[in-house]
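These are the residues of each chain, in order.
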Amino acid sequence: MLKTLRNDIDVVFEQDPAARNKLEVIFSYSGLHAIWGHRFAHFLWKKRMFFLARLISQISRFITGVEIHPGAVIGQRLFIDHGMGVVIGETCEIGDNVTIYQGVTLGGTGKEKGKRHPTIEDNVLIASGAKVLGSMTIGKNSRVGAGSVVLKEVPPNSTVVGIPGRIVMQDGVKISRDLDHINLPDPVADKLKELEEEIKHLQEEMEKLKQ
């Protein structure tokens, strides 16, 4: 347990250039507090002390802004940067050396039973605002772009961006030139464009009927 706590501190120094000393990290990093609160809550959850585990997770959520269900399984050296708005579901499994930024949701689709939440393998980075939903796996060494919505399996060594998430790079090879982290697809704008074209077509039909 002490080794795990030390690892949780060490990964902050490796990932965050703003971290200056251990005292600052221990007392001022809400992501670290959320992870430590979860580790205690998860210990109680495994002992079938469900109410107490949920109570601790809710207190941690109130203090840190990070909601981690006590049933979630978290590996070594998870780094939650900033943390506010992060949600991690009950059946979520997270491997080692994973980085998660603010606003990330590792949740369910509401249509599944049993294993409802994603499995995040080792060395994955999930950028701010990304949503990974459903019982599927994000493979090792993969990257999920900011604001992406991932609903399908992601193989190892992949980069995923967009809504819905699309693989744009795998094993260092570009799969698509259409997407990048800055110019993400906008489904709302696309739908509005379709509606505008349909309205234009209907107006043309009306003009023909009038004539």
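Sequence order as written defines residue numbering, which begins from 1 separately in each chain. pLDDT decides what is reported in this predicted model: residues at 70 or higher carry local features, side-chain atom pairs at 80 or more are listed and counted, and totals for whole chains, interfaces and linings draw on all residues regardless. As a rule here, side-chain values come from all non-hydrogen atoms in the structure, and water together with hydrogens is ignored.

A. Quick peek at the side chain of N7. Segments assigned H or I by DSSP are reported as helices when at least four residues long, segments assigned E as strands when at least two residues long, and all are numbered from the N terminus. By the element assignment, N7 lies in helix α1 (residues 2–15). Of the polar contacts made by the side chain of N7, one reaches the side chain of Q76; its length is 2.9 Å. Only heavy atoms enter the contact rule, under which two residues are in contact if any of them lie within 4.5 Å. Discounting chain neighbours no more than four positions away, the residues touching N7 are Q76 and R77. The term polar contact refers here to a pair of N or O atoms within 3.5 Å; inside protein, the definition further demands a hydrogen-donor-capable atom paired with an acceptor-capable atom, and it admits residues adjacent in sequence only when both atoms are side-chain atoms.

B. Layout of the environment of I56. Topologically, I56 is positioned in helix α4 (residues 50–64). Type-normalised accessible area, obtained with a 1.4 Å probe on protein chains alone, sets the label of each residue: buried when under 20%, exposed when over 50%, and partly exposed for intermediate values. For I56, a relative accessible area of 17% puts it in the buried group. Residue contacts for I56: discarding those within four places in its chain leaves G37, F40, A41 and L44.

C. A look at the packing of α1 against helix α3 (residues 30–46). Geometry is summarised by axes, namely lines fitted to C-alpha atoms with helices restricted to the contacting stretch, and by angles between N-to-C directions that run from 0 to 180 degrees. α3 packs onto α1 with a crossing angle of 160° between their chain directions and a minimal axis gap of 10 Å. In terms of orientation, α1 lies roughly antiparallel with respect to α3. With respect to the hand of their crossing, α1 and α3 are arranged in right-handed fashion. Between α1 and α3, the residues in contact are T4, L5, D8 and I9 and L32, I35, W36 and R39, respectively. Partitioned by chemical class, the residues of the contact of α1 with α3 number five nonpolar, one polar and two charged. Note on angle classes: values under 35 degrees are labelled roughly parallel, values over 145 roughly antiparallel, values of 65 to 115 roughly perpendicular, and the remainder oblique. It is the rotation of the near helix from the far one that decides the hand of a crossing: anticlockwise by less than a right angle makes it left-handed, clockwise makes it right-handed. Following the grouping adopted for this structure description, the nonpolar residues are Ala, Val, Leu, Ile, Met, Phe, Trp, Tyr, Cys and Pro, the charged ones are Asp, Glu, Lys and Arg, and the polar ones are all others, Gly among them.

D. Just the environment of P70, in detail. By secondary structure assignment, the location of P70 is in the loop between β1 (67–68) and β2 (73–74). Here P70 falls in the buried class, since its relative accessible area comes to 0%. Sequence separation between P70 and L55 is 15 residues; the distance between their C-alpha atoms is 9.6 Å.

E. Main features of the pairing of strand β15 (residues 166–170). Two strands make a pair as long as DSSP finds a minimum of two bridges between them. When strand β14 (residues 158–161) meets β15, the two strands line up antiparallel, connected through four bridges. Bridging across to β15, V160 finds its partner in I167. Connecting β14 to the antiparallel partner β15 that follows it, the hairpin turn spans four residues, and G162 within it adopts a positive phi of roughly 100°.

F. Just unusual backbone geometry, in detail. Omega for the bond connecting I163 with P164 falls within 30 degrees of zero, at -5°, which places this linkage in the cis form. Turning to its location among the elements, P164 is positioned in the loop between β14 and β15. Positive phi outside glycine occurs at R48, with the angle close to 65°. Among the secondary structure elements, R48 is positioned in the loop between α3 and α4. In this model, N141 sits at a positive phi of 65°, which is unusual for a non-glycine residue. According to the relative accessible area criterion, N141 is partly exposed, its value standing at 34%.

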